[in-house]
Amino acid sequence: MQVLVNGKELEIAQAKTVSDLLQELGYAQGSVAVAKNGEFLARKDYASTVLEDKVDLEILLPMQGG
Amino acid sequence: MFSLANKSFKSRMLLGTALYPSPEVMKQSLTESGAEVITVSLRRQSPNSKGGQQFWEYIKSLNLTLLPNTAGCRTAKEAVVTAQMARDLFETNWIKLEVIGDDYTLQPDPFQLLEAARELLNDGFEVFPYSTDDLILAQRLVEAGCKIVMPWAAPIGSGQGLTDPRALETLRARLPETTLIVDAGVGKPSHAARVMEMGFDGVLLNSAVALATHPPEMAKAFALAIEAGRMGYEAGLMQERDLAKPSTPELGTPFWHRREQTPEVGVD
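Parameters at a glance
Residues numbered from 1 in each chain as written. Chains lettered and ligands numbered in written order. Predicted model: local features only at pLDDT ≥ 70, side-chain atom pairs only at ≥ 80, totals over all residues. Heavy atoms only, no water. Helix = DSSP H or I, 4+ residues; strand = E, 2+ residues; numbered from the N terminus. Buried < 20%, exposed > 50% of the residue type's maximum accessible area, 1.4 Å probe, protein only. Pairing = 2+ DSSP bridges. Right-handed = clockwise from strand over helix to strand, strands pointing away.

Right, let's talk about the side chain of T179 of chain B for a bit. Its location among the elements puts T179 of chain B in strand β9 (residues 179–183). The exposure class of T179 of chain B is buried, given its relative accessible area of 15%.

Below is the structure:
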């Protein structure tokens, strides 16, 4: 299955849900924010959100800001 | 005490966390500033970089009030989704709403800004809109429900100071009940003191501190300037006069009787 993560195409073998994918990619729980197909996806929904082919995910981390 | 969105603070300075030469210098600067509200952002980063995670752990340890921004967003839709992501991540409903309309000036897009502000207010956010000094935009934001408006003094990161002080004075005069924080363009402590003397409620800055030769000292300088400006405002500034008026009493001026012999000499 192909997914788009932060604009880059990735081939995913194992992950079934957003929660699985975050773990597979090495993101620490509690330190990311996610949007799916341009819409906000709440943290509580990561485990129940099943990945679909070509899904477009935005995964953001805290960063210094002005 | 300074009341901001139903929270009380001692400091009227809001400080950014970007552009410091090192995390250690940022830490010293935050300490010296006395700022209790700091701005943060969220960005795409590699999970392997660990930078975001380390920054987040450090920021949490400071126990300060976080004001996440939507920096870089170009449309209301992008800004709204980014704000929702920020709320989820930083666990706060405060959002510094930035919707940029022009790459060269980083001037806010007033139409998209207002649209995003309305949507976020309906969704329970405390919206801190970054705006220009346009009065009508500020009024529309207030009508939409914003308790706070953050006009620029000059373009972000320019350090130019008050490019249109009259416009800022007008905003203050026309929106006496709104919390007004000057955000962007402040370059020197005197710029911050001047807007505080005008009666602005606070100053948000980043580059002026982070890009100083000695950021912690500059953070302290700004803290003092903001405090001095506020005290000056509260003390009530004297009215400007068109002509000079001697402060020393004229009665008993020495050599008064000789003035008729040297008529060119005036009174200082």
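Residues and elements named next belong to chain B. Of all the five residues making up β9, five are buried; the element is thus mostly covered by neighbouring parts of the structure. By the alternation rule, side chains of β9 split into T179, I181 and D183 and L180 and V182, which are all buried. Pairing between strand β8 (residues 148–151) and β9: two bridges, direction parallel. Along β9, the bridge assignment pairs V149 with L180. Taking the sense of rotation as the criterion, the β-α-β connection linking β8, helix α6 (residues 165–174) and β9 turns out right-handed. Relative to strand β10 (residues 202–205), β9 runs parallel, the two being bridged by three bridges. By the bridge assignment, V182 is partnered in β10 with V203. Handedness of the crossover joining β9 and β10 through helix α7 (residues 189–197): right-handed.

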